[in-house]
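An overview of the molecular structure
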Amino acid sequence: MSRRRSPEHGWLAYYRELLGTWARRSRNGLDAEDAAHDAIANMLEGDVSVIRDPRAYLHRSVHNGLANQYRAQVREQAIPLHELNETDHPVLDDPESSIRAAQLSDALMAALNELPPRCRHVFAWHRLEGWTVPEIADHMQLSVSSVEKYLARAMRHIHGRLQRFSH
């Protein structure tokens, strides 16, 4: 008869696996390490006797932690134009401001047109029309996860294409 490890000590057996798996998947070892530590702390602070599979629990917790970190980073990167400081605003009162604004607008339209239609629609509905991800998922008959992936893809693409406009 084999002895099962208690959940309090089971996390240690999966620590190296957690870090290796999620550092590769997230491409950022420090974020993966933070998410793993948070998952372990949360597990140990709760009632560990109800956790049947500590390995699965920890992997799901790290996944969720990394997803939350990613969402927070995306929110920080996307600042609405009306919330920018005057010094950061792309349209200033100098003679070249209208040219820069037109170039930025053209670059945004070009970047949007390079996206596949689903990514473009998800981005437009979410960022320009203010729809929530669940609303878009329902409208497009997709899972929330799929919509989040389309939105992330669109944001990465647009961010990369408009990088030259950030001073």
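The model shown is predicted, which means the values in this text are computed figures rather than measured ones. (Residues numbered from 1 in each chain as written. Predicted model: local features only at pLDDT ≥ 70, side-chain atom pairs only at ≥ 80, totals over all residues. Heavy atoms only, no water.)

1. Regarding the overall build of the protein chain
Per the secondary structure count, the protein chain includes seven helices and zero strands. For the protein chain, the succession of helices and strands along the chain, N to C, is α-α-α-α-α-α-α. Burial statistics for the protein chain: of 167 residues in total, 26% are counted as buried. In the protein chain, once contacts between residues fewer than 6 apart in sequence are set aside, the share between residues at least 24 apart is 58%. Total accessible area on the protein chain stands at roughly 11,900 Å², and carbon and sulfur atoms take up 51% of it. (Helix = DSSP H or I, 4+ residues; strand = E, 2+ residues; numbered from the N terminus. Buried < 20%, exposed > 50% of the residue type's maximum accessible area, 1.4 Å probe, protein only. Contact = heavy atoms within 4.5 Å. Areas by Shrake-Rupley, 256 points an atom, 1.4 Å probe, with all protein chains shown as cover.)

2. Some thoughts on the packing of aromatic side chains
Taken as a whole and assessed by the stated rule, the structure comprises one aromatic pair. The interplanar angle of 10 degrees and the centroid separation of 4.9 Å between the aromatic rings of Trp125 and Trp131 together place this pair among those described as stacked. We classify Trp131 as partly exposed; its relative accessible area is 26%. (Phe/Tyr/Trp six-rings, centres within 6.5 Å; stacked < 30°, edge-to-face > 60°.)

3. Thoughts on helix 7 (residues 144–161)
For helix 7, which comprises 18 residues, the first-to-last C-alpha distance of 26 Å matches the rise-based estimate of 26 Å (1.5 Å per residue) to within 8%. Along helix 7, the positions that sit buried rather than exposed are Val147, Leu151, Ala152, Ala154, Met155, His157 and Ile158. (Expected span 1.5 Å × (residues − 1).)

4. Details of the side chain of His59
Relative to the assigned elements, His59 resides in helix 3 (residues 54–77). Judged by relative accessible area, which is 13%, His59 ranks as buried. What His59 contacts, discounting residues up to four positions off in sequence, is Glu17, Leu18, Thr21 and Trp22.

5. What about the nonpolar core?
In this structure, Leu115, Val122, Phe123, Ile136, Val147, Leu151 and Ile158 are the most contacted members of the largest nonpolar core, which totals 18 residues. Where this core is concerned, the elements lending two or more residues are helix 4 (97–114), helix 5 (117–128), helix 6 (133–140) and helix 7. With five residues, helix 7 is the single largest residue contributor to this core. Setting aside its immediate chain neighbours within four residues, Val122 contacts Ile136, Met140, Val147, Tyr150 and Leu151. Within the second largest apolar cluster, 13 residues are counted, among which are Leu18, Ala35, Met43 and Val62. (Core = buried A, V, L, I, M, F, W, Y, C linked by side-chain atoms within 4.5 Å.)

6. Some words on helix 6
The complete set of buried residues in helix 6 reads Val133, Ile136, Ala137 and Met140. Take helix 6 and look down its axis: the buried residues cluster within an arc of 100 degrees, on one side only. Exposed and oriented more than 90 degrees from the buried face of helix 6 are Pro134 and Asp138. (Arc of directions from axis to C-beta.)

7. What to know about the packing of helix 6 against helix 7
Running from amino to carboxyl end, helix 6 crosses helix 7 at an angle of 110 degrees, the nearest separation of the two axes being 9 Å. On the basis of the axis angle, helix 6 is roughly perpendicular to helix 7. Listed contacts from helix 7 to Val133, Pro134, Ile136 and Ala137 of helix 6 are Val144, Val147, Glu148 and Leu151. Here the contact of helix 6 with helix 7 is composed, by residue class, of seven nonpolar, no polar and one charged. (Axes fitted to C-alpha atoms, helices over the stretch in contact; angles between N-to-C directions. Parallel < 35°, antiparallel > 145°, perpendicular 65-115°, else oblique. Nonpolar A, V, L, I, M, F, W, Y, C, P; charged D, E, K, R; others polar.)

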